[in-house]
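An overview of the molecular structure
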Amino acid sequence: MKFDLVCSIGLSKSAEDLQGELASFIEKLGIEAKIDFSINQNEILLNIVSEERRSHQIVLQLYKQLARFFGKHKIGVRSLSLKEYNIEFEIEKEPLKELSIPFAELEIKNKKVKMRISEKNEEFLRQGYIDRMIRLVKEKIEKQYYEGKKEYWQLIWQSKEKKHAWNKDPSEEMQKLGWIKLLGKGKWFFFPPAAAIMRAMEEIAIKEVVLPLGFKEIIQPMHVSFDTWIKTGHLEGMPGEIYYICEPKSREIEDWEKFVDLLKITRKVDENELIKNLKFPKEGVCYAQCPNIYSALAGKTIAEEDLPLLLFDRSTPSDRYEAGGKHGIERVDEFHRIEIVYIGTKEQLTEIVEKLIERYRYVFDKILDLEWRMARVTPFYLQQAGLIAEEENEIKGTIDFEAYLPYRGDRSKEWLEIQNVSIVGEKYIKAFNIKTQRSQLWSGCSGIGLERWMTAFLAQKGLEYDQWPSSFKKYLPRLPEMPKFL
């Protein structure tokens, strides 16, 4: 790698007569880089070239020393700015297509990158932007190689084929019966029969999985800050799937008068007038419940005797912008789930996952009587990035639980993911600085999607209450009738 930095340091007054003394001072510092400088009245122009350390790190170190040097001469060091920065580094693979990043010009030939940055302020040098830019170039190239490839998927176990009650789409049939109604894009209203089925699924999950394993309930807000999502990676990983939240700039009726007047006259929302009265978003609607759980634990030290820490939330709906991927109640913009989070040692988490699998197996086999399967899933980009070590493949990662959907036909591919269990290692533990007294902590999660459970059950068992398994009816002794509408 090569780092060629030209920057400017501003002084409180002229220091041209100190040029020789400054040269001697810099030489005595013993910095392993080529450093040239010139003083023009109250400005120092520095050129730092290094093939070992990064030049922007060197100049920040040198800046402190120069403040000490000039302080002895009653001269203040006032500013630091980047004039031009040329960085050269090698990459492992040639890009498949042209790429760009903010703040820099890129030239890539074969496996060599030339990055040029110009006219930036001191904050840019201090905030770690440059190192992240180098990483971003490498990540973007790596992404070009795994884009479009499927996740790693390995079947672990599959139940026997079962005879199903019908082959109709339960969402469409429930709509015909009036049990569910679409209210906005990907958002459903559940009338009493459908709501009762969902609540029965929730009760099964709580009584048969969550509570028997010792998980304790928390309640969290549905808003998630950008800071939290930056730490978990959601904001950079799926920014196009988040519902963003804007606060009003003011509650004063005078500020909203024109908006209200236009609304009263046109009976339409004037978008431009509305945006004038909104603040820039700093948070979004819950995408998954675990980020806020980790955020609430940020900086805490968990007592060893309280490990593993077992928490769950069922209070917060999740919202995701699905665009054209919506279907029925199983692929929606808003859905309801129980989020299970577990934090402990590697050995404790391995045991928890085994117990969760055992409880889910009991529910799917003995209560819902589903045709289902389990598969080990590792996203391709995690494998390529080497984030899962060979010896940890059987520990870290995700196990998906999938149910066959008869109405889709082909048994070889028409399965719906209804459940997962994951161990993510230290990823969130480090991001939120969660500690314990002695042990190395890992964490994991398991999301129970109630609409997914409901879809799988109704797709295989139909909508006739009398045909449902008696084991399920224990949690739903009676199906409420629909209100009569004239």
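Now for a description of the structure that goes with this document. Quick caveat, the model's predicted, so the values are computed rather than measured.

**Focus on the overall build of the chain**
When its secondary structure is counted, the chain shows 16 helices and 23 strands. Taking 486 residues into account, the globule formula puts the C-alpha radius of gyration at 23 Å, and the chain, at 30 Å, lies well above it. Taken over 486 residues, the chain has a buried fraction of 45%. Intrachain contacts of the chain at a sequence separation of at least 6 include 74% that bridge at least 24 residues. Carbon together with sulfur atoms contributes 48% to the accessible area of the chain, which is approximately 26,400 Å² in total. Of the charged side chains in the chain, 76 are positive and 78 negative, and the gap between their average positions amounts to 1 Å.

**What about the sheet that holds strand E19 (residues 372-378)?**
A sheet is described by the order of its strands in space; here eight strands give the open sequence E7-E19-E20-E21-E23-E18-E15-E10, paired in mixed fashion. Single-partner strands in this sheet number two, and they are strand E7 (152-158) and strand E10 (216-218). Along the sheet, successive strands turn relative to each other by an average axial angle of 25°, direction set aside. Pairing between E10 and strand E15 (residues 309-313): three bridges, direction parallel.

**With respect to the environment of Glu-16**
Positionally, Glu-16 belongs in the loop between strand E1 (2-11) and helix H1 (19-29). Here Glu-16 falls in the partly exposed class, since its relative accessible area comes to 39%. Taking the C-alpha atoms as reference points, Glu-16 and Ser-38, separated by 22 residues in sequence, lie 8.6 Å from one another. The contacts of Glu-16, once residues within four sequence positions are left out, are Ile-39, Asn-40 and Gln-41. Within the local environment of Glu-16, its side chain forms a polar contact with the backbone nitrogen of Gln-41, the two atoms lying 2.9 Å apart.

**Comments concerning a negative patch on the surface**
Where like charges cluster on the molecular surface, the negative patch consists of Glu-252, Glu-254, Asp-255, Glu-257 and Asp-261. Structurally, Glu-257 can be placed in helix H9 (residues 257-266).

The rules behind the values
Residues numbered from 1 in each chain as written. Predicted model: local features only at pLDDT ≥ 70, side-chain atom pairs only at ≥ 80, totals over all residues. Heavy atoms only, no water. Helix = DSSP H or I, 4+ residues; strand = E, 2+ residues; numbered from the N terminus. Rg over C-alpha atoms; globule rule 2.2 N^0.38 Å. Buried < 20%, exposed > 50% of the residue type's maximum accessible area, 1.4 Å probe, protein only. Contact = heavy atoms within 4.5 Å. Areas by Shrake-Rupley, 256 points an atom, 1.4 Å probe, with all protein chains shown as cover. Lys, Arg positive; Asp, Glu negative; His and termini not counted. Charge placed at Lys NZ, Arg CZ, Asp CG, Glu CD. Pairing = 2+ DSSP bridges. Axes fitted to C-alpha atoms, helices over the stretch in contact; angles between N-to-C directions. Polar contact = N/O pair within 3.5 Å; in protein donor to acceptor, adjacent residues only side chain to side chain. Patch = residues over 30% accessible without salt bridge, like charges linked within 9 Å, V, L, I, M, F, W, Y side chains within 5 Å. Salt bridge = Lys/Arg side-chain N within 4 Å of Asp/Glu carboxyl O.

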